[in-house]
Amino acid sequence: MKLVKNAAGRLVPTEINGKKVIPFKGVNKYKPTGNKYGAPIKSCSDYPLDGNKVAKNLCEALKKAGLKNGMTISTHHHLRNGDILTNILFDTINSMGVKNIRWFPSASFPVHEHLIQYLEDGTIHHIEGSMNGPLGKYTSEGKMKGTGVLRSHGGRYQSIQDGDVHVNIAVIAAPTADPLGNATGDRGKSACGLLGFALADSEYADNVIVVTDNLIPFPCSPWQIQGNNVDHVVEVDSLGDPAKIVSGTTQVTKSPDRLLIAEYVADFLEHSGILKDGFSFQAGAGGTNLAFALYLKEKMIKKNIKARFIRGGSTKYLVEMLEEDLTDYILDGQTFDLEGVRSMRENSGHLNTSPFTSYNFHGKGNFASMIDAVVLGATEVDINFNANVVTHSDGYLLHGIGGWQNCMFGKTVILAIPSFRDRIPVIVDEVTTLVAPGELVDVIVTERGIAINPKRKDLLKAVEGSGLPIKTIKEIYKEVNEICGGKPAKPKVNKDEVVAIIKWVDGTVIDSVFKVEK
Amino acid sequence: MAKSTAGQQGSKVRSDCYIEITSKRIGGIKLEFKSKVDVMYGESIRTTILDMCKFFELKHVNILVEDYGALPTTLMARFEMAVKRLNPKMEKEYLPDFNKKNKYTTVKDKLRRSRLYLPGNEPKFYPNAGLHKPDGVILDLEDSVAPPEKDSAQLIVRNALRAIDFYGSERMVRINQLPQGLDDLKYIVPHNIHVILIPKVETAEQIKEVDAEVQRLRKLHKIKNDIFFMPIIESALGVINAYEIATASNNNCALAIGLEDYTADIGTQRTNEGKESFFARASLVNAAKAAGIQAIDTVFSDVNDMDALRESVLEAKGLGFEGKGCIHPRQIQVVHEAFAPTEVEITKAQKIVAAFEDAKSKGLGVVSIGSKMIDAPVVKRAINTLKIVEKIK
């Protein structure tokens, strides 16, 4: 495989799975021209006039959709680790004898370990989405037939919209739907919140199949997915395991070290002046992030500050802030617990967003860049603030990108991370995989201190004399190496074998993941 | 073929390791090694193990290492333990380098508002303990360590004292109840220990025994820094003898009370109200103050109830205590806030001290603010308050 050095100095291929790809050119440097992809024109006269598109079963719907070898099938991760449907889908495809599918999920979860057998037997050719846990291990060891492609949530929307990925059949899990195909995620026994990840597929795929375990008479309201974009509807007994789709209660971390990090993040927002009336922030549902939101909430109450909006994976903690009038809005991209789902149904301040509104880089603006402070995690950060979220320091793929890359365009990007995990340094000399360029990362908050990117002179000045433990990233790096017993060795990888590529938000290739040598 | 084991094993273990050594007559050293950090530190771990084999003169052994991300100092302690369990006569010590950040010393009247207990045989808690800024960290060899692991904890604690940075917290170890505790001293005295907590003290004689052994070890290892003692009173007899205990050594810096054992000893149970221990606590404060040392309160064990902790500290402060034991890092800040003099107290103290200085400079025998005369003890208390403020800074 021929590799070239991209603008970030990383080795990347120019062709993947038989298709040309463009190496990363720098932040905001690549601007494609031309028109967006156009989905085929359909006529309503080809669809039942009574609006009843219900097929007998998934197999029949797939047949009607013209399933054949080599097609691209998309699924979405709003059922998270409770997703049974995707596994059933590939059981069905396999039983139909179809091969070489490009699976295009918005993310994968440990439950999808079930699909390794289909990667083995050729049902699935390769995955373009996220490769977590067992799938990550499988890919990293070079066992997948094609090359994996990892995209951010925004990058996924962009790739469909721009025609980089042509989806033949989209299969959308719908906790509630009507026979026309109108669908919502905010109610039903498998309620998951919103269906935003499936928006692009519903708009652009050749064929759209809605699968529901709660079929109700027309109209299904609200319709997060519009039935007018849907070809077939399938009713099943169960989409998945409700306990794993959303958690009953989201837990805040009890780890004293993570709580310390969370407290530092909240303190940082206060001392840097970011915390002020009408501000906005984003916090995910990870334990540290939840704790950060709680510390921030205390400060907001004390200083009588109200946010204009909070972006998030929504949880009961954000819902409480909305209900206690500490924010005007929640802009929800993914709903993590039952309280989040309830609030989405009941509260007009709890808004549905999608990768299009929040993240799409080839759109006329997006929400991500409008946020005052974004708090994210990372698997590694290096002394030049470059960050990794997909591989572990041992070279193995571990996580998908999610909205992480897209959030890098927030006004102040904060990575809240431990400086090492057990004996594994998180602050390193050079990231194993480059997923976000250091120029976009503003602040690293660890239990050992806070490092501010030297280019953010404003922040450095703002926190002068604040008493916060401000250090340089090199100081933290040095301290971590001393604790862990020297500089960690790099993983042994085969630089001739790219097992996956990492796309930047504009569709260019920012880095490669190489086969791990055991 | 004799076999020994050390360390911890299982899927939930982290930042620790498990070692198995089997001795044999021939065949050299065979090392079997599994580690979650193999890629990053596998080479370094292998080198350390082989170096230790050489140091302890192991020639024909099978070694199994299951590593869950143990830091080097932990790995060394676990391996040394396995060696010593295999060969109890082995007296050599494989010491990690002494971290130069650990050379700081302490003073007798240092602030001791919070002391964070760390279980002696759980090295995973060590590297970050000091980040939470307790006034002191206590590496505990006593109640938190199961009897069969007492020997392991000695080595873990010894290595931690040498290698782990506690970020300026006072370095304390709670030894075992005497006479077992006397054996603990050789693992801590040579490694810049600041304060030794002596549990279940009932007589002055016990303090003298510890003092004698500490002085012997200091001389032997040419230790120059001060080592202070904090006897813990945990019985009815201890309470009766509190003053003798407090004055048994010039190296005593504080008296602490342990209420779980005390309430058991007098045949009752701890209540939130604490009537049952009022006599003991008041006696202890009185004895400590009479001896000119600090009085330190028991631990607060409900880690989820910060309001109750704050109340408890304010009550302890009211009785004359100057410190509280913590079993979770999140308690530290609450304890510090509650022990800190309030704004009102500080302002009042500043006024009194200013008046005192003024009177002194004018050669007046009487201190007064406005028309109000200020007694000498009031001045003393104000000076103390400002001293605490100064130390907190």
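What you see is a predicted model, and the numbers here were worked out from it, not measured in a lab. (Residues numbered from 1 in each chain as written. Chains lettered and ligands numbered in written order. Predicted model: local features only at pLDDT ≥ 70, side-chain atom pairs only at ≥ 80, totals over all residues.)

Peer 1: I'd like to hear about the overall build of chain B, residue by residue, with values.
Peer 2: Helix and strand counts for chain B come out as 14 helices and 14 strands. Taking the principal axes of its C-alpha atoms as reference, chain B extends roughly 90 × 45 × 45 Å. For chain B, the proportion of its 393 residues judged to be buried stands at 42%. Considering only contacts within chain B whose residues lie at least 6 apart along the sequence, 72% involve residues at least 24 apart. (Helix = DSSP H or I, 4+ residues; strand = E, 2+ residues; numbered from the N terminus. Buried ≥ 20, exposed ≤ 12 C-beta atoms within 10 Å, placed from the backbone. Contact = placed C-beta atoms within 7 Å.)

Peer 1: Please give an account of the overall build of chain A that cites residues and values.
Peer 2: Along its length, chain A carries 15 helices and 30 strands. Its C-alpha atoms give chain A a radius of gyration of 23 Å, near enough to 24 Å, the size a compact globule of 518 residues would have. Principal-axis analysis of the C-alpha atoms places the extent of chain A at approximately 70 × 55 × 40 Å. Here chain A holds 518 residues, and the buried ones make up 58% of them. (Rg over C-alpha atoms; globule rule 2.2 N^0.38 Å.)

Peer 1: If you had to explain the nonpolar core to someone new, which residues and values would you point to?
Peer 2: Ile-172 and Val-265 of chain A together with Leu-255 of chain B are the most contacted members of the largest nonpolar core, which totals 256 residues. When residues in this core are grouped by element, the largest group, nine residues, is from helix H8 (residues 256–271) of chain A. Excluding residues within four positions of it along the chain, Ile-172 of chain A makes contact with His-76, Ala-183, Leu-195, Ala-198, Asp-201, Ser-202, Val-208, Ile-209, Val-210, Val-211 and Ile-225 of chain A. (Core = buried A, V, L, I, M, F, W, Y, C linked by C-beta atoms within 7 Å.)

Peer 1: Summarise helix H10 (residues 316–323) of chain A; cite the residues concerned and give the values.
Peer 2: Note: α-helices contain 3.6 residues per turn, so residues at a spacing of three or four share the same orientation. Residue and element names in this part refer to chain A. Taken across its eight residues, H10 has six buried, putting it largely inside the fold. Residues Lys-316, Tyr-317, Leu-318, Val-319, Met-321 and Leu-322 constitute the buried set of H10. Packed against the buried residues of H10 are helix H9 (287–303), strand S16 (307–314), strand S17 (327–335), helix H11 (338–346) and strand S18 (350–352). Immediately beyond the C-terminal end of H10, within one or two residues, lies Asp-325, with a positive phi of roughly 65°.

Peer 1: Describe in detail the sheet that holds S18 of chain A, supporting the description with residues and values.
Peer 2: All names here are of chain A. Spatially, S18-S17-S16-S15-S19-S22-S26-S27-S28 is the arrangement adopted by the nine strands of the open sheet, whose pairing is mixed. Edge positions in the sheet fall to S18 and strand S28 (470–471), since each of these pairs with one other strand and no more. Here H10 sits on the sheet and contacts S16, S17 and S18; the angle it forms with S16, its principal contact strand, is near 160°. (Pairing = 2+ DSSP bridges. Axes fitted to C-alpha atoms, helices over the stretch in contact; angles between N-to-C directions.)

Peer 1: Which residues make up the domain arrangement of chain B, and what values go with them?
Peer 2: All names here are of chain B. Taken domain by domain, chain B holds domain 1 (3–86), domain 2 (100–339) and domain 3 (343–392). Placing the centre of domain 1 and that of domain 2 at their C-alpha centroids yields a distance of 33 Å. Every contact between the two is made by eleven residues of domain 1 and, on the other side, eleven residues of domain 2. Among the elements that line the side of domain 1 that touches domain 2, the one with the most residues is helix H2 (residues 72–86), at six residues. Taken together, the residues of the side of domain 1 that touches domain 2 break down into five nonpolar, three polar and three charged. (Domains from an automatic or database assignment. Nonpolar A, V, L, I, M, F, W, Y, C, P; charged D, E, K, R; others polar.)

Peer 1: Lay out the sheet that holds strand S2 (residues 17–23) of chain B with the relevant residues and their values.
Peer 2: Residue and element names in this part refer to chain B. On the basis of which strands lie adjacent, the open sheet formed by four strands has the order S1-S2-S4-S3 and mixed pairing. Each edge of the open sheet is held by one strand with a lone partner, namely strand S1 (3–7) and strand S3 (29–35). Strand-to-strand twist across the sheet, computed as the mean angle between neighbouring axes with direction ignored, equals 10°. As judged from the seven bridges shared by S3 and strand S4 (residues 61–67), these two strands associate in the parallel manner. For Lys-34, the partnering residue across the bridge sits in S4 and is Glu-66.

Peer 1: Before we move on, could you go through unusual backbone geometry and cite the residues and values that matter?
Peer 2: Going from Phe-218 of chain A to Pro-219 of chain A, the amide bond is cis rather than trans, its omega being 0°. With respect to the helices, strands and loops of the structure, Pro-219 of chain A is situated in the loop between strand S13 (207–212) and strand S14 (232–235). Omega for the peptide link from Leu-178 of chain B to Pro-179 of chain B comes to 5°, which places this bond in the cis form. Among the secondary structure elements, Pro-179 of chain B is positioned in the loop between strand S7 (170–174) and helix H5 (180–188). Phi at Asn-28 of chain A is positive, roughly 65°, even though this residue is not glycine. Relative to the helices and strands, Asn-28 of chain A resides in the loop between strand S4 (19–20) and strand S5 (54–55). The residue Asn-100 of chain A is not glycine, and still its phi comes out positive at about 55°.

Peer 1: Which residues make up the packing of helix H4 (residues 150–163) of chain B against H5 of chain B, and what values go with them?
Peer 2: Residues and elements named next belong to chain B. The geometry of H4 relative to H5 is characterised by a closest axis approach of 9 Å and an angle of 35° between their N-to-C directions. The handedness of the crossing between H4 and H5 comes out as right-handed. Residues Gln-154, Val-157, Arg-158 and Leu-161 of H4 lie in contact with H5, whose contacting residues are Asp-184, Tyr-187 and Ile-188. When its residues are assigned to classes, the contact of H4 with H5 shows four nonpolar, one polar and two charged. (Left-handed = near helix turned anticlockwise from the far one by under 90°.)

Peer 1: Residues and numbers for the environment of Ile-383 of chain B, please.
Peer 2: Residue and element names in this part refer to chain B. Structurally, Ile-383 can be placed in helix H14 (residues 376–392). Owing to 13 C-beta atoms within 10 Å, Ile-383 belongs among the partly exposed residues under this scheme. Between the alpha carbons of Ile-383 and Gln-350 there is a distance of 8.3 Å; along the sequence they are 33 residues apart.

Peer 1: Please give an account of the domain arrangement of chain A that cites residues and values.
Peer 2: All names here are of chain A. In terms of domains, chain A is made up of domain 1 (54–245) and domain 2 (256–487). Centre-to-centre separation of domain 1 and domain 2, based on C-alpha positions: 29 Å. At the junction of the two partners, domain 1 supplies 31 residues and domain 2 supplies 30 residues. When the residues that make up the side of domain 1 that touches domain 2 are grouped by side-chain class, the tally is ten nonpolar, 15 polar and six charged.

Peer 1: Before we move on, could you go through the interface of chain B and chain A and cite the residues and values that matter?
Peer 2: Between chain B and chain A, the residue contacts involve 20 residues of the former and 19 residues of the latter. Secondary-structure elements contributing two or more residues to the side of chain B that touches chain A are helix H1 (38–55) and helix H3 (126–129) of chain B. With five residues, the single largest contributor to the side of chain B that touches chain A is H1 of chain B. Its residues assigned to classes, the side of chain B that touches chain A shows eleven nonpolar, six polar and three charged.

Peer 1: So, the confidence of the model for chain B: which residues are in play, and what are the values?
Peer 2: Chain-level pLDDT for chain B is 94 on average; 100% of the residues reach the 70-or-more range. This prediction of the complex comes with two scores: 0.93 for pTM and 0.90 for ipTM. (pLDDT = per-residue confidence, 0-100.)

Peer 1: Provide a residue-level description of the pairing of strand S8 (residues 124–129) of chain A, including the pertinent values.
Peer 2: All names here are of chain A. When you tally the buried positions in S8, you get six out of six residues, the bulk of the element. As paired strands, strand S7 (residues 101–105) and S8 are joined by three bridges and run parallel to one another. If you follow Arg-102 over to S8, its bridge partner there is His-126. Relative to strand S9 (residues 148–150), S8 is paired through two bridges, and the arrangement is parallel. Along S9, the bridge assignment pairs Gly-129 with Leu-150. For the segment spanning S8, helix H4 (residues 133–140) and S9, crossover handedness is right-handed. (Right-handed = clockwise from strand over helix to strand, strands pointing away.)

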